[in-house]
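These are the residues of each chain, in order.
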Amino acid sequence: MILSQEYIIAIALAIIILLGLIVIVREWRKVNEAKHNVLLLEKQTELKKINLVEKDLEEKRRRETLTRIPKEQQERLDAIKDDTDQIMQKIGYLNTEVNERVEKLEAETELVKLKKLSEELDKKESKLKKY
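These figures come from a predicted structure and were not determined experimentally.

(A) Looking closely at the overall build of the protein. On a plain count of helices and strands, the protein comes out with two helices and zero strands. Relative to a compact globule of 131 residues, whose C-alpha radius of gyration would be 14 Å, the protein shows 38 Å and is clearly more extended. Taking the principal axes of the C-alpha coordinates as reference, the protein spans close to 95 × 90 × 15 Å. By the burial criterion, 0% of the 131 residues in the protein qualify as buried. For the protein, the exposed area adds up to about 13200 Å²; of that, 62% sits on carbon and sulfur atoms. Side-chain charges of the protein comprise 27 positive and 26 negative groups, with the mean position of each set lying 4 Å from the other.

Take a look at the structure:
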């Protein structure tokens, strides 16, 4: 059965139109998905804003309650805060000192290893030169 040229052209056009429709549907889905993602991100952003405002309000309430306490209690709290700051400074110093000492020890260990390796290489090179 031989198809006429008109039928072949009609079939080709139908295939092209079908492919075009497939591409259009896929792009339409991508656009809808992108719109959905944008809406979701907007809602997440809004929730984060609300959360930040709530935290800010809570912090303000806490500060207000601290300002209403008697002077001697406030002084005790300030003393505790000062002691805490001093301890945190000591912790920071000790942490830095320990890290530096560990790095120094690692560097010294690496230096010793490299010196031994260098000596071994020198020995091997001298043996090879003898032959």
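Here the narrative resumes, following the displayed structure.
(B) Main features of a positive patch on the surface. Where like charges cluster on the molecular surface, the positive patch consists of K123, K124, K127 and K130. Tracing the chain through its elements places K123 in helix α2 (residues 71-130). Accessibility expressed as a relative area gives 57% for K123, which makes it exposed.

(C) Quick peek at the pattern of salt bridges. Here the structure, examined in full by the defined rule, presents four salt bridges. A salt bridge links K60 to D56, with the nearest nitrogen and oxygen atoms 3.8 Å apart. Separated by four residues within a single helix, K60 and D56 lie in helix α1 (residues 5-67), roughly one turn from each other. Residues E72 and R76 are paired through a salt bridge, measuring 4.0 Å at the closest nitrogen-oxygen approach. With E72 and R76 both in helix α2, this residue pair falls four residues apart, about one helical turn. Of the two residues examined, E72 and R76, each falls in the exposed class.

(D) Highlighting a negative patch on the surface. Where like charges cluster on the molecular surface, the negative patch consists of E75, D78, D82, D83 and D85. Structurally, D78 can be placed in helix α2. D78 gets classed as partly exposed once you look at its relative accessible area, which sits at 33%.

(E) Representation of the environment of Q5. Along the polypeptide, Q5 turns up in helix α1. Placed 58 residues apart in sequence, Q5 and R63 show a C-alpha to C-alpha distance of 86 Å.

(F) Representation of a nonpolar patch on the surface. On the surface, I9, L13, I16, I17, L21 and I24 cluster together into a nonpolar patch covering about 620 Å² of accessible area. Its place among the elements puts I24 in helix α1. Under the relative-accessibility criterion, I24 is labelled exposed at 57%.

Parameters at a glance
- Residues numbered from 1 in each chain as written.
- Predicted model: local features only at pLDDT ≥ 70, side-chain atom pairs only at ≥ 80, totals over all residues.
- Heavy atoms only, no water.
- Helix = DSSP H or I, 4+ residues; strand = E, 2+ residues; numbered from the N terminus.
- Rg over C-alpha atoms; globule rule 2.2 N^0.38 Å.
- Buried < 20%, exposed > 50% of the residue type's maximum accessible area, 1.4 Å probe, protein only.
- Areas by Shrake-Rupley, 256 points an atom, 1.4 Å probe, with all protein chains shown as cover.
- Lys, Arg positive; Asp, Glu negative; His and termini not counted.
- Charge placed at Lys NZ, Arg CZ, Asp CG, Glu CD.
- Patch = residues over 30% accessible without salt bridge, like charges linked within 9 Å, V, L, I, M, F, W, Y side chains within 5 Å.
- Salt bridge = Lys/Arg side-chain N within 4 Å of Asp/Glu carboxyl O.

In short, shape yes, function no, at least from these values alone.
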